[in-house]
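Descriptive structure summary
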Amino acid sequence: MAKYFDVHPVNPQPRAIRQIVDIVRADGLIAYPTDSCFALGCRMGNKDGLDRIREIRHLGDKHHFTLMCRDFAQLGQFVQINNASFRLVKASTPGPYTFILPATKEVPRRLLHPRKRTVGVRITEHVVAQALLAELGEPLVSSTLLLPGHEEPMTAGWEIKEELDHAVDAVVDSGECGVEPTTVIDLSDGDPEIIRVGAGDISRFE
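Residues numbered from 1 in each chain as written. Predicted model: local features only at pLDDT ≥ 70, side-chain atom pairs only at ≥ 80, totals over all residues. Heavy atoms only, no water.

With that settled, consider helix H1 (residues 14–25). End to end, H1 covers 16 Å across 12 residues, agreeing with the expected 16 Å (1.5 Å per residue, within 8%). All of the buried residues in H1 are Ala16, Ile17, Ile20, Val21, Ile23 and Val24. Down the axis of H1, the sector holding all buried residues measures 150 degrees, keeping them to one side. Along H1, the residues that are exposed and aim more than 90 degrees away from the buried face are Pro14 and Arg15. Contacts made by the buried residues of H1 are with strand E1 (3–6), strand E2 (30–32), strand E3 (39–43), helix H5 (127–136), strand E7 (140–144) and strand E8 (170–173). Asp27 lies just past H1 and shows a positive phi near 65 degrees. (Helix = DSSP H or I, 4+ residues; strand = E, 2+ residues; numbered from the N terminus. Expected span 1.5 Å × (residues − 1). Buried < 20%, exposed > 50% of the residue type's maximum accessible area, 1.4 Å probe, protein only. Arc of directions from axis to C-beta. Contact = heavy atoms within 4.5 Å.)

Quick look at the structure:
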C-alpha cells in the first residue's frame, strides 16, 4: 500500500518532505504535484522505477522521460545547451515547460531517447516539488500522471491513492493540481519545435 502524505502547499512540513525523499532514495516510486499536474517520479538510478512508470502508463521505449530539476544550475549538468537555447530556457523557467535537449554523460542511458540521445528537462515552480528536489539533491525522473484510457491527468491525491495504491510507494497531496500537462519544446536541433501545446504561453517559441 502507498503511504499518503498530506503536505501543506505553502509551508511544506520538513518531516514529511524528509520521509518522502527517504522513500525515493530507497528506490520508491512517488506520485507528486507540480505546477502543471500530478507526476510520477523516482530517482535517476532507479531502473525498476522507470519500468514501473512505463507499466503504469503503458509507455514505449521512445517515450521522453523528464528530469525535474531544482534550478538552472542543476539542469545545466544534464543537458547540452547552446547560447540561443540557453536564453530561451532561462527566460521560461521556472514554469510549466519541458525542453528536449541533447543529454550529457551524466544522464543514464536508459533515460535517453534511443536514437536521438536526448532527454526532457524542466524546472517547476511548485513549492512542494521544489522542497522535495532540495532535500533529494538530484533531479526526479518524472512522467505526467496520465493513465491509459484517461483523457486528462488525475487531479486529486486521494483519487490517486485509491487508483494506484499498489502501484506506487507514496502519494504526495498538497491540494488539487491542474489537468494541463507542460508545453513540450524540442530544442535538440537548435530551433524550437513545439511538440505538445500545454500549460504556459507558447508565443515566445513560435
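This next bit is on the pattern of salt bridges. A complete count under the given rule lists seven salt bridges for this structure. With a shortest N-O distance of 3.3 Å, Asp51 and Lys47 are connected by a salt bridge. Residue Asp51 and its partner Lys47 are both found in helix H2 (residues 47–57); the two are separated by four residues, about one turn of the helix. Note on Asp51: relative accessible area 35%, which makes it partly exposed. Here Arg52 makes a salt bridge to Asp48, at a shortest N to O gap of 3.9 Å. Taken as a pair, Arg52 and Asp48 lie in helix H2 at a separation of four residues, close to a single helical turn. For Arg52, a relative accessible area of 18% puts it in the buried group. The exposure class of Asp48 is partly exposed, given its relative accessible area of 46%. Counted as one network, the salt bridges with shared partners bring together Asp48, Arg52 and Asp169. (Salt bridge = Lys/Arg side-chain N within 4 Å of Asp/Glu carboxyl O.)

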